Amino acid sequence: MNAQEIVAANVAARGYMDGFLLGPLAARQIAKLCEELAELAGAINADMPWIDYLKHAGYHARLAFDDKAAWDGVTLNVDIAEAELPDVAVPLFVLADVMRMDVGQAAIDKSVADVARGVR
């Protein structure tokens with residue numbers, strides 16, 4: 001398995017995919033991405049309005065992620081998701097590279113450690 005498959009399997013083992021169809025499952029992962037991106041923005045030492053907006057969005061994304069009922073009936077436009085997902089991955093890979101970090105292995109290590117935590 002590649003890093004993507006290992007991480008996804010670990011997230012599934014943790015219980016975060018249980019009971020969700022494709023649309024709600026994918027939408028929740030986008031919310032989770034927003035939450036985590038807001039936390040990553042905390043590494044930036046600057047006074048920029050977009051950082052505050054992102055932190056605000058990340059807070060609300062976390063609240064939504066934890067509200068399972070909020071995702072009932074949510075659908076996903078697969079064409080848009082497929083077109084935009086690489087655009088999200090490219091800066092992530094570039095950031096990891098300039099930091100000399102193997103982000104794939106780091107994601108595996110994190111997801112393995114998180115399995116024991118289960119669903120929050």
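Here's what I pulled together on the structure shown here. (Residues numbered from 1 in each chain as written. Predicted model: local features only at pLDDT ≥ 70, side-chain atom pairs only at ≥ 80, totals over all residues. Heavy atoms only, no water.)

### With respect to the overall build of the protein
Regarding its fold elements, the protein presents 5 helices and 0 strands. In the protein, the order of α-helices and β-strands from amino to carboxyl end is α-α-α-α-α. Against the 2.2 N^0.38 benchmark of 14 Å for 120 residues, the protein shows a C-alpha radius of gyration of 15 Å, consistent with a compact globule. For the protein, the C-alpha atoms occupy an extent of roughly 40 × 35 × 30 Å along the three principal directions. Across the 120 residues in the protein, those meeting the buried criterion constitute 22%. In the protein, 10 positive and 18 negative side-chain charges are present, and the distance between their average locations comes to 8 Å. (Helix = DSSP H or I, 4+ residues; strand = E, 2+ residues; numbered from the N terminus. Rg over C-alpha atoms; globule rule 2.2 N^0.38 Å. Buried < 20%, exposed > 50% of the residue type's maximum accessible area, 1.4 Å probe, protein only. Lys, Arg positive; Asp, Glu negative; His and termini not counted. Charge placed at Lys NZ, Arg CZ, Asp CG, Glu CD.)

### Description of the nonpolar core
Counting 6 residues, the largest nonpolar core is built from Phe 20, Leu 25, Ala 27, Ala 31, Ala 61 and Trp 71. Ranked by residue count, the leading element in this core is helix α2 (residues 22-41), at 3 residues. Other than its neighbours up to four places away in sequence, Ala 31 contacts Ala 61 and Trp 71. (Core = buried A, V, L, I, M, F, W, Y, C linked by side-chain atoms within 4.5 Å. Contact = heavy atoms within 4.5 Å.)

### Here's the deal with helix α4 (residues 78-98)
Helix length check: α4 (21 residues) gives 31 Å between terminal C-alpha atoms against 30 Å at 1.5 Å per residue, within 8%. Helix geometry: α4 is bent most strongly at Glu 84, by close to 25 degrees, with proline Pro 86 lying one to four residues after it. Two or three places before Asp 79, at the start of α4, stands the capping residue Asn 77, its side-chain oxygen 3.1 Å from that residue's backbone nitrogen. (Expected span 1.5 Å × (residues − 1). Bend = angle between axes of the 7 residues up to and from the residue. Polar contact = N/O pair within 3.5 Å; in protein donor to acceptor, adjacent residues only side chain to side chain.)

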